[in-house]
Amino acid sequence: MFRTRFTRRLPATVAVAGLALAAAACGGGGSTSTSAQAAPTASAAQLNANADLSKQSLQVTVWDGYTPKELPEKAKEKLKISNIKINLHDTNETAMGKLAPPGGGDSGIDVAFVSGQYAQALWEQGLLEPIHPELIPNLSNLYPEATQLSYDKGNKYSVPYTWGTTGICYRTDLVKTPPTSWYDILKPADWAQKKVTMMTTERWLALPALKALGFSVNTDKDEEITKVKELLMAAKPQLLGYDDTTFGDKLTSGEALMVEAWDGWCPTTSEKKNIKFVVPKEGSDLWVDTMVIMKSSKNKEAAHALINYILDPEIHSWAAENINYKVPNKAAMDKVKVPEGSLLGIKPAELLNGESIRDLGEASTKFTRLSTEVTAK
C-alpha cells in the first residue's frame with residue numbers, strides 16, 4: 001500500500017471568501033445565501049436516465065493521484081460516454097479558481113472533486129446542480145452516516161468520496177508519555193520540545209487550539225479567535241516547525257516525536273508498528289472530500305453516470321487501497337483488507353464524532369489572517 005502526498009487541503013479560504021463577498025454585493029451572504037435557488041436547475045423530469053451518453057462528454061477536475069489513472073478509459077468504455085478528460089488541481093484554491101472564474105462564465109467543468117466546505121460555498125453561490133438520486137442508484141452503497149454531514153445533510157448537492165479526521169501521530173518508542181490531549185503538542189513536555197510539528201493550513205493550524213479551548217472548529221467569534229492566536233503564539237517557540245506534507249517522514253526518521261496529522265497521512269502500517277495515531281480527548285474534526293456537478297454542465301446525465309460508476313465497490317475501494325483514505329462506501333470498504341494497525345479501521349460512527357468543517361463565508365478571512373500572523377517569521 002502506498003501513500004500519495006497530496007496538497008488536497010491547502011488554503012482555499014481566499015477563494016471561498018471571494019465567493020461570499022460576491023454574494024454579499026448582490027444581496028446574499030455567508031451560509032444563508034439563497035442564490036442557489038435563484039439560478040435554474042435541471043428538474044428530474046428534464047434529466048433522462050436512459051439518455052444516449054455517447055452524445056455527451058465530460059471534463060473532470062480532481063487532485064493528482066486521487067482516482068485511478070485508467071478511470072477515464074474504463075468509465076468511457078463502461079458508460080459509452082464519448083470522451084472523458086481529467087484536469088488536475090493541486091489545491092482547493094486552484095479548483096475554486098477554475099470553478100468560479102473571475103467575471104463568471106462557464107468553467108467548462110462538469111464534475112469536480114472539492115472538500116466539503118468548498119462544495120458548500122459553490123452551492124451557496126448557485127454554481128452546483130442538485131444531486132438527482134434516481135440517476136445514482138449506487139448511493140445506496142454509502143454508509144447511513146454519509147448522509148448526515150452538517151455542510152450538506154442528505155447529500156443534496158455533493159457526494160462524499162473520502163473522509164477522515166485529524167489527530168496526533170506519534171512514535172511510541174520515543175515518547176515518554178503517549179499523547180492524549182491537544183495540549184501535548186501545544187504545550188509539549190521538556191522532552192518533546194522542538195520535536196513537534198503542526199500544520200500551517202488555515203483551518204487545521206487553528207484546530208488544536210480551538211478544540212483545546214473548547215471552541216467550535218467553525219467559530220467566527222473574534223474573542224475566541226484571539227484566544228486561539230494567543231495559545232498558538234505561545235506554542236510556536238517550542239515547535240520543530242509547521243509541516244503539512246512531510247511530517248510523516250520526520251516522524252519515521254525520528255526528527256519529530258509527535259505531529260499534527262490527517263489520519264490517512266499518519267504512516268501506521270504493519271511495517272511501522274512504532275507509529276500510532278490518536279484523536280485527542282477534546283475531540284477533532286471530520287473532513288470530507290466530495291464529488292459535485294456544476295450547474296453549467298451540459299452533460300448532466302453523463303456526470304451523474306460517472307459518479308454512479310465511481311460509487312461501484314470495485315472502483316471506489318481503489319481509494320482506500322491506494323491512497324490510504326477511508327471511503328464512505330460500505331460496499332467498497334467491505335472489499336478492503338484492512339492491515340493490522342491501519343487507520344482504515346476507524347468506524348463511521350467514530351468519524352461522526354468529529355465536527356464537520358463548514359464554509360464560513362466572509363469570516364474565512366479571519367483564519368487566513370490568523371495563519372499569516374502565527375506562521376510569520
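This one's a predicted model, so the numbers in the text were calculated from it and none came from an experiment.

A.B. asks: In this structure, what is going on with the overall build of the protein? I would like to understand it.
C.D. replies: Regarding its fold elements, the protein presents 14 helices and 11 strands. Taking all 377 residues of the protein together, 56% fall into the buried category. Within the protein, contacts between residues separated by at least 24 positions form 79% of all contacts whose residues are at least 6 apart in sequence. Here the protein displays about 15400 Å² of accessible surface, and carbon together with sulfur accounts for 51% of that area.

A.B. asks: I keep staring at the layout of surface pockets and nothing clicks. Help me out?
C.D. replies: There is about 200 Å³ of room inside the second largest pocket. Contributions of two or more residues to the lining of the second largest pocket are made by helix H12 (330–333) and helix H13 (348–351).

A.B. asks: Which parts of the structure should I look at to understand unusual backbone geometry?
C.D. replies: Glycine aside, negative phi is the norm for most residues, and most peptide bonds take the trans geometry. Positioned with a positive phi, Asn-155 is a non-glycine residue whose angle comes to about 50 degrees. The phi torsion at Lys-194 lies on the positive side, around 65 degrees, for a residue other than glycine. Relative to the helices and strands, Lys-194 resides in the loop between helix H6 (183–186) and strand E6 (196–198).

A.B. asks: What am I meant to see in the side chain of Asp-243 here?
C.D. replies: Topologically, Asp-243 is positioned in the loop between strand E7 (241–242) and helix H9 (247–253). Within the local environment of Asp-243, its side chain forms a polar contact with the backbone nitrogen of Thr-245, the two atoms lying 2.9 Å apart. Among the polar contacts listed, one links the side chain of Asp-243 to the side chain of Lys-250, at a separation of 2.8 Å. When residues no more than four places from it in sequence are discounted, the contact partners of Asp-243 are Thr-197, Met-198, Met-199 and Lys-250.

A.B. asks: Teacher, can you tell me more about the packing of helix H8 (residues 222–235) against helix H14 (residues 364–375) here?
C.D. replies: Angle between the axes and distance between the axes are the two parameters that describe a pair of packed helices. The interhelical angle for the contact between H8 and H14, taken along N-to-C directions, is 20 degrees, at an axis separation of 10 Å. One element, H8, and the other, H14, form an angle in the roughly parallel class. Seen from above, H8 lies across H14 with right-handed handedness. Residues Asp-222, Ile-225, Val-228, Lys-229, Leu-232 and Met-233 of H8 lie in contact with H14, whose contacting residues are Lys-366, Phe-367, Leu-370, Glu-373 and Val-374. Partitioning the contact of H8 with H14 into residue classes produces 7 nonpolar, no polar and 4 charged.

A.B. asks: What is the right way to look at the packing of helix H7 (residues 202–212) against H14 in this model?
C.D. replies: Here H7 crosses H14 at 80 degrees, and the two axes come no closer than 9 Å. Relative to H14, H7 is oriented roughly perpendicular. Between H7, through Glu-202, Arg-203, Leu-205, Ala-206 and Leu-210, and H14, the contact on the second element is made entirely by Phe-367, Thr-368, Leu-370, Ser-371, Val-374 and Thr-375. Here the residues of the contact of H7 with H14 are counted per class, giving 6 nonpolar, 3 polar and 2 charged.

Definitions and limits used
- Residues numbered from 1 in each chain as written.
- Predicted model: local features only at pLDDT ≥ 70, side-chain atom pairs only at ≥ 80, totals over all residues.
- Heavy atoms only, no water.
- Helix = DSSP H or I, 4+ residues; strand = E, 2+ residues; numbered from the N terminus.
- Buried < 20%, exposed > 50% of the residue type's maximum accessible area, 1.4 Å probe, protein only.
- Contact = heavy atoms within 4.5 Å.
- Areas by Shrake-Rupley, 256 points an atom, 1.4 Å probe, with all protein chains shown as cover.
- 1 Å grid on protein atoms, 1.4 Å probe; cavity = no way out; pocket = protein on both sides within 12 Å on 5 of 7 lines; lining within 4 Å.
- Points joined across faces, edges and corners; volume = space filled by probe spheres on them.
- Polar contact = N/O pair within 3.5 Å; in protein donor to acceptor, adjacent residues only side chain to side chain.
- Axes fitted to C-alpha atoms, helices over the stretch in contact; angles between N-to-C directions.
- Parallel < 35°, antiparallel > 145°, perpendicular 65-115°, else oblique.
- Left-handed = near helix turned anticlockwise from the far one by under 90°.
- Nonpolar A, V, L, I, M, F, W, Y, C, P; charged D, E, K, R; others polar.

As far as function goes, none of this settles anything; it's purely spatial.
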